[in-house]
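Spelled out from the first residue to the last, the chains are:
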Amino acid sequence: MKTQFKRTPVLKDCPTHYCPGCGHGIAHRLLAEVIEELGIQDRTIGIAPVGCAVLAYNYLDVDMIEVAHGRAPAVATGMKRCNPDRIIFSYQGDGDLAAIGTAEIIHAAHRAEQLTVIFINNAVFGMTGGQMAPTTVLGQVTATTPEGRQSHGEGYPLQVSELLALLPGAIYVERCALSNVPRIRQAKAAMKHAFELQMQGAPGLSLVEILSPCPTYWRMSPSDAMQWIEDHMSKVFPLGRLKDMEKDER
Amino acid sequence: MCGNEALAEAAILAGCDAYFGYPITPQNEISAYLAHRMPAEGRVFIQSESELAAINMVFGAAATGKRAMTSSSSPGISLMQEGMSYLAGAELPAVVVNVMRGGPGLGNISPAQGDYFQATRGGGHGDYKTIVLGPASVQEMADCMLLAFDLADQYRITVEILADGLLGQMMEPLTLAPRPHRPLPAKDWALTGHAGGKQNIIRSLWLGEGALEEHNKKLQAKYRRIEENEVRCEEYRLDGAEVVVVAYGIVARIARAAVDQGRQEGIPVGLIRPITLWPFPSRQIGRAADTFPVVLTAEMSSGQMLEDVKLAVAGKAPVLFYGRMGGGIPSADELLGQIRELTLSKKQV
Ligand SMILES: Cc1ncc(C[n+]2csc(CCOP(=O)(O)OP(=O)(O)O)c2C)c(N)n1
Ligand code: SF4
Ligand SMILES: [Mg+2]
């Protein structure tokens, strides 16, 4: 019988701790497939965030480090500059990258560090119990916005990818989603491109933002969460390529 | 060469692969020096966006098995405490240089020793230690730097060099030579990208039942080994001394002049100078307290090392204190005055 589908060896054969319907599991799988397809398992170093994906090193079979909340781009900088032939990626949530680690990601991009960043935007702090994230959309109820997020006092959803795309040192920025199969395929293609750029030695930072469901703290069924990305989240965070220096130049 | 530059050149000699730092007075000569020397040697130099970033860049470089360092002064070292706690948890070797200035807050840029507690007690959250070296001359700025990377690699620990603005700025003759080779353990834990098909993981998170306690026990056992093997201190003119001064860093330098002057005047006074502030030379000081009636601790703080001296003396002799704060520097005359008073009051007893 012909094998149609199998587990990529970059993903370890073990159950994850993620909630049913969580996007982290899908994103891990895409990441693992990309690493396998590019043949870089033996020269990749990954950085796990503080957030629900803190245990990513238990699932991805590459050398990995777990770092302080938000500091991944600085850690990645230290790694890459000392090891230019290694492929370095960070995997970060919206609290990690867009709140506590804002300075680190902006300056890594600003210095044009040759890194690949996978940015999981699920519009909440999952790990700590579903509090407001910078990316929480207006009106969204979270543990710390019981009346729904108000622009007055709580600010507007932060569009970090748009911000980063303004920097010359960010060479590729794309926003994807995990809300249906074509979008998942596109997310994988974007991740692959972000890694390929680093492999080619392209002169800057690549970031793929992924709108990812958190059914637990959105208080929805997994399928409603997917639909909510389509109906609400992607209106605030429009999908598509924000910047690709390689393609834009042509 | 000033002390900061001596330290920087020693870092080159010690095989430092990467330097990360954010400017702050009075240690800017270190980064200015390394900004040209590191690239000239084909090594990494980055001016980071903050001390938070600098220490995390160190974390990343160290995780891949490289010799990495940062330098800063008191306010910047405060910002690094988070990263230093993670370095301790993950057991990564690193070197952090603190050219102390006056505090608290922005304080001033004068020399001070107010960060002793922060350096020797761990500093960040959690139950950990860093090795702390207290140089007392330009030569020792270099020597401590050379030693620091070996100690860091041997024990997988952060070594903090605790200097001050005066040591950083002053100029003295210097001999630079590499340290004799010390056999060091292989860095088979380093992240190099699946070397030999085996995944390496570096982390400070231990979630399993009892796992973190086990990890802490392992750390503490390592700290005991360091206490056993790495204490360094200088004993100066202790023969027949009735007053023994305990001081480190630049204050020890000044105290040495006071001791010499006192001896000329016939006062039996000597000096114990801790070179490792952690591990602290408690045994040496305790032994001295058995024989010498009075101990005088002198610091550029309100009395921080004083606590360690008292613990070491354990009530066997009176421990007195003379300190200056906020950038004030004690003169040899001031210290000698203290010593004279002590010997006088002793005679009266
Ligand atoms: C310095 C520090 N502050 C706060 C925390 C607590 N904390 C852990 S995860 C987290 C937010 C995670 O949210 P996000 O990055 O969006 O990841 P998610 O769990 O949603 O995937 C916070 C605030 C911490 N670990 N360290
Ligand atoms: S809390 Fe949300 S982000 Fe975290 S594992 Fe559960 S579904 Fe995923
Ligand atoms: Mg989140």
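Residues numbered from 1 in each chain as written. Chains lettered and ligands numbered in written order. Predicted model: local features only at pLDDT ≥ 70, side-chain atom pairs only at ≥ 80, totals over all residues. Heavy atoms only, no water.

Novice: What's the story with the overall build of chain B in this structure? I'm lost.
Specialist: Counting its regular elements, chain B contains 13 helices and 13 strands. Over its C-alpha atoms chain B spans a radius of gyration of 21 Å, differing by no more than 12% from the 20 Å that the globule rule assigns to 349 residues. With the C-alpha coordinates aligned to their principal axes, the bounding extent of chain B is approximately 75 × 45 × 40 Å. Counting over 349 residues, chain B shows a buried share of 58%. For chain B, the share of sequence-separated contacts (at least 6 apart) that also reach a separation of at least 24 residues comes to 79%. Carbon and sulfur atoms form 53% of the exposed surface of chain B, whose accessible area is close to 13100 Å². Counting 32 positive and 38 negative side-chain charges, chain B places the centres of these two groups 4 Å from one another. (Helix = DSSP H or I, 4+ residues; strand = E, 2+ residues; numbered from the N terminus. Rg over C-alpha atoms; globule rule 2.2 N^0.38 Å. Buried < 20%, exposed > 50% of the residue type's maximum accessible area, 1.4 Å probe, protein only. Contact = heavy atoms within 4.5 Å. Areas by Shrake-Rupley, 256 points an atom, 1.4 Å probe, with all protein chains shown as cover. Lys, Arg positive; Asp, Glu negative; His and termini not counted. Charge placed at Lys NZ, Arg CZ, Asp CG, Glu CD.)

Novice: What is the right way to read the nonpolar core from this model?
Specialist: When a protein is soluble and globular, its nonpolar side chains tend to lie buried together. Residues and elements named next belong to chain B. Within the largest apolar cluster, 145 residues are counted, with the highest numbers of intra-cluster contacts made by F20, M69 and M145. Among the elements that line this core, the one with the most residues is helix 7 (residues 138–155), at 12 residues. Mapping this core onto the domain boundaries places at least three of its residues in each of domain 1 (3–229) and domain 2 (233–348). When sequence neighbours within four positions are dropped, the list of residues in contact with M69 reads L7, A11, C16, A18, Y19, F20, V58, V95, V97, M145 and F149. (Core = buried A, V, L, I, M, F, W, Y, C linked by side-chain atoms within 4.5 Å. Domains from an automatic or database assignment.)

Novice: Teacher, can you tell me more about the packing of helix 2 (residues 72–82) of chain A against helix 3 (residues 51–63) of chain B here?
Specialist: In a packed pair of helices, the relevant descriptors are the angle between the two axes and the axis-to-axis distance. The contact between helix 2 of chain A and helix 3 of chain B brings their axes to 6 Å, and the two run at 45°. Accordingly, the angle class assigned to the pair helix 2 of chain A and helix 3 of chain B is oblique. Between helix 2 of chain A and helix 3 of chain B the crossing geometry is right-handed. Across from A74, V75, T77, G78, M79 and C82 of chain A in helix 2 of chain A, the residues of helix 3 of chain B making contact are A53, N56, M57, F59, G60, A61 and A63 of chain B. In terms of residue class, the contact of helix 2 of chain A with helix 3 of chain B is made up of nine nonpolar, four polar and no charged. (Axes fitted to C-alpha atoms, helices over the stretch in contact; angles between N-to-C directions. Parallel < 35°, antiparallel > 145°, perpendicular 65-115°, else oblique. Left-handed = near helix turned anticlockwise from the far one by under 90°. Nonpolar A, V, L, I, M, F, W, Y, C, P; charged D, E, K, R; others polar.)

Novice: Hey, could you run me through the interface of chain B and chain A in this one?
Specialist: How big an interface is tends to be stated in terms of accessible area lost as the parts join. Taken together, the 32 residues of chain B in the interface contact 34 residues of chain A. Across the interface of chain B and chain A, roughly 2600 Å² is buried in total on both sides, 60% from carbon and sulfur atoms. Interface area lost by chain B to chain A is led by E49, H194 and Q199 of chain B, which between them contribute 21%. Our count for the chain B to chain A interface comes out at two salt bridges. The closest approach of N and O atoms between R71 of chain A and E82 of chain B, which form a salt bridge, is 2.9 Å. Here chain B is connected to chain A by 18 residue pairs in polar contact (both at pLDDT 80 or more). (Buried area = accessible area lost by both parts, 1.4 Å probe. Salt bridge = Lys/Arg side-chain N within 4 Å of Asp/Glu carboxyl O. Polar contact = N/O pair within 3.5 Å; in protein donor to acceptor, adjacent residues only side chain to side chain.)

Novice: Before we go on, may I ask you to explain the coordination of the magnesium ion (ligand 3) in this structure?
Specialist: Six octahedral donors at a metal ideally form angles of 90 or 180 degrees, and four tetrahedral donors ideally form angles of 109.5 degrees. Looking at the magnesium ion (ligand 3), one finds its protein donor set to be D94 of chain A (OD), N122 of chain A (OD1) and V124 of chain A (O), positioned 2.1 to 2.2 Å from the metal centre. Coordination of the magnesium ion (ligand 3) draws on donor residues from a single chain, spaced D-x27-N-x1-V in sequence. (Donors = N, O, S within 2.8 Å, 3.2 Å for Na, K, Ca; no water.)

Novice: Before we go on, may I ask you to explain the sheet that holds strand 10 (residues 269–274) of chain B in this structure?
Specialist: Sheet strands pair by backbone hydrogen bonding; their relative direction is either parallel or antiparallel. All names here are of chain B. Overall, mixed pairing links the five strands, which are arranged 8-10-9-12-13 in an open sheet. Every interior strand has two partners, whereas the edge strands, strand 8 (233–236) and strand 13 (319–323), have only one. Ignoring strand direction, the axes of neighbouring strands in this sheet form an average angle of 20°. Here five bridges tie strand 12 (residues 294–299) to strand 13, and the two strands are oriented parallel to one another. Looking across to strand 13, one finds that V295 is bridged to V319. Set on the sheet, helix 10 (residues 249–264) makes contact with strand 8, strand 9 (243–246), strand 10 and strand 12; between it and strand 10 the angle comes to about 165°. (Pairing = 2+ DSSP bridges.)

Novice: Got a minute to help me understand the environment of G328 of chain B in this structure?
Specialist: With respect to the helices and strands, G328 of chain B occurs in the loop between strand 13 and helix 13 (332–348). The spatial distance from the C-alpha of G328 of chain B to the C-alpha of L166 of chain B is 11 Å, given a sequence separation of 162 residues.

Novice: Honestly, the site of ligand 1 in this entry has me stumped. Any pointers?
Specialist: All names here are of chain A. Inspection of the region around ligand 1 gives 16 residues, with C52, D94, G95, D96 and G126 positioned closest. Between D94 and ligand 1, the recorded distance is 2.2 Å, taken from a side-chain N or O atom to an oxygen atom. Contacts to ligand 1 include G95, whose backbone N or O atom sits 2.8 Å from an oxygen atom. The fraction of the free accessible surface of ligand 1 (590 Å²) that becomes covered by protein chains is 76%. If you list the elements that add at least two residues to the shell around ligand 1, you get helix 3 (94–100) and strand 5 (124–125). (Near = heavy atom within 4 Å.)

Novice: Just checking my understanding: could you explain the pairing of strand 1 (residues 44–48) of chain A for this structure?
Specialist: Consecutive side chains of a regular strand alternate in pointing toward one face of the sheet and then the other. Residue and element names in this part refer to chain A. Among the five residues of strand 1, five are classified as buried, and the element is accordingly described as predominantly covered. Residue alternation in strand 1 divides its side chains into two sets, T44, G46 and A48 and I45 and I47, and both sets are buried. With four bridges joining them, strand 1 and strand 3 (residues 87–93) adopt parallel strand pairing. Opposite I47, over in strand 3, you have S90 as the bridge partner. Examined bridge by bridge, strand 1 and strand 2 (residues 63–66) share four bridges and lie parallel to one another.

Novice: How should the domain arrangement of chain B be read in this particular structure?
Specialist: All names here are of chain B. Partitioning chain B into domains gives domain 1 (3–229) and domain 2 (233–348). Centre-to-centre, using C-alpha coordinates, domain 1 lies 28 Å away from domain 2. Every contact between the two is made by 32 residues of domain 1 and, on the other side, 25 residues of domain 2. Summed over both sides, the interface between domain 1 and domain 2 buries roughly 2400 Å², with carbon and sulfur atoms accounting for 55% of that surface. Considering only the surface of domain 1 that becomes buried against domain 2, Q113, Y116 and F117 emerge as the three largest contributors, covering 29% of it. At the junction of domain 1 and domain 2, the tally comes to four salt bridges.

Novice: Which parts of the structure should I look at to understand the site of ligand 2?
Specialist: Residues and elements named next belong to chain A. Around ligand 2, the structure places Y18, C19, C22, H24, C52, N122, C214, P215, T216 and Y217. Looking at the shell around ligand 2 element by element, the count peaks at three residues for helix 8 (residues 215–218). Its residues assigned to classes, the shell around ligand 2 comprises seven nonpolar, three polar and no charged.

Novice: What is the right way to look at the pattern of salt bridges in this model?
Specialist: One side chain can pair with another of opposite charge once the charged atoms of both are near each other. Scanning the model with the defined rule gives 39 salt bridges over all chains in all. For E162 of chain A, the salt bridge goes to R175 of chain A, with nearest N and O atoms at 2.6 Å. Of this pair, E162 of chain A sits in helix 6 (residues 160–165) while R175 of chain A sits in strand 7 (residues 170–177); the two residues are 13 residues apart in sequence, bridging distant segments of the chain. Among the ionic pairs, E334 of chain B bridges to R324 of chain B, the shortest N-O distance being 3.1 Å. On the criterion of sequence distance, the pair formed by E334 of chain B in helix 13 and R324 of chain B in the loop between strand 13 and helix 13 is long-range, its members being 10 residues apart. Take R324 of chain B: its relative accessible area is 30%, and that puts it in the partly exposed class. What emerges from the salt-bridge pattern is a single network uniting R29, E33, E37, K188 and K192 of chain A.

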